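# Observations on the model geometry
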Amino acid sequence: QVQVMESGGDLVQAGGSLRLSCAASASGTMIRFDVANWYRQAPGKQRDLVAHITRAGSTGYENSVKGRFTISRDNAKNTVDLQMNSLKPEDTAVYYCNVRIQNRDTSRYDDYWGQGIQVTVSS
């Protein structure tokens with residue numbers, strides 16, 4: 001049983017910073033993070049990809065967050081972070097971590113989603 005969890009969401013003023021973290025728990029199974037993504041969904045809107053990172057560390061960003069957000073990972077700890085700087089009210093959304101995880105016992109890959117975490121940026 002693998003569970004993915006986000007942390008770090010909060011209410012912050014415009015111009016402020018937040019750091020989101022994503023980690024997984026696996027009972028009785030060794031796991032390995034592969035490609036990881038951060039998505040966000042604002043009220044009444046679709047869920048959009050914000051940033052992604054490969055296991056090797058290659059990254060990509062949605063245009064509106066380039067230069068403000070940084071995605072990073074720790075392969076030893078199986079964690080993925082999203083550093084968000086110069087936050088704007090339009091960044092307000094529920095942020096989701098999406099990770100492809102390998103079960104080291106079976107070598108099988110599966111995609112997992114966290115439950116989402118609220119980020120609110122006040123003007």
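Refer to the structure printed above.
Residues numbered from 1 in each chain as written. Predicted model: local features only at pLDDT ≥ 70, side-chain atom pairs only at ≥ 80, totals over all residues. Heavy atoms only, no water.

## Quick word on the sheet that holds strand E1 (residues 2–7)
- Judged by pairing direction, the sheet is antiparallel, and its four strands sit side by side in the order E1-E3-E8-E7 without closing on themselves. Edge positions in the sheet fall to E1 and strand E7 (69–74), since each has one partner strand and no second. With strand direction ignored, the average angle separating the axes of adjacent strands in the sheet is 15°.
- In this sheet, strand E3 (residues 18–26) lies alongside E1 in antiparallel orientation, the contact comprising six bridges. Its bridge partner being in E3, Val4 is matched across the sheet by Ala24. (Pairing = 2+ DSSP bridges. Helix = DSSP H or I, 4+ residues; strand = E, 2+ residues; numbered from the N terminus. Axes fitted to C-alpha atoms, helices over the stretch in contact; angles between N-to-C directions.)

## Focus on the packing of aromatic side chains
- Evaluation of the coordinates by the stated rule reveals two aromatic pairs.
- Measuring from centroid to centroid gives 4.9 Å for Tyr39 and Trp113, while their planes differ by 50°, and the two rings are tilted. Here Tyr39, found in strand E4 (residues 31–41), pairs with Trp113, found in strand E10 (residues 109–113); they are 74 residues apart in sequence, far enough to count as distant.
- Note on Tyr96 and Trp113: the rings are 6.4 Å apart at their centroids and 75° apart in plane angle, and the pair reads as edge-to-face. Here Tyr96, found in strand E9 (residues 93–103), pairs with Trp113, found in strand E10; they are 17 residues apart in sequence, far enough to count as distant.
- Classification of Tyr96 as buried rests on a relative accessible area of 13%.
- Among the aromatic residues, those joined into a cluster by ring pairs are Tyr39, Tyr96 and Trp113.
- Directly above the ring of Tyr96 sits Arg47, whose terminal nitrogen or CZ lies 3.6 Å from the centroid.
- The positively charged end of Arg47 is found above the aromatic ring belonging to Trp113, 4.9 Å away from the centroid. (Phe/Tyr/Trp six-rings, centres within 6.5 Å; stacked < 30°, edge-to-face > 60°. Buried < 20%, exposed > 50% of the residue type's maximum accessible area, 1.4 Å probe, protein only. Lys NZ or Arg CZ within 6 Å of the ring centre and 35° of its normal.)

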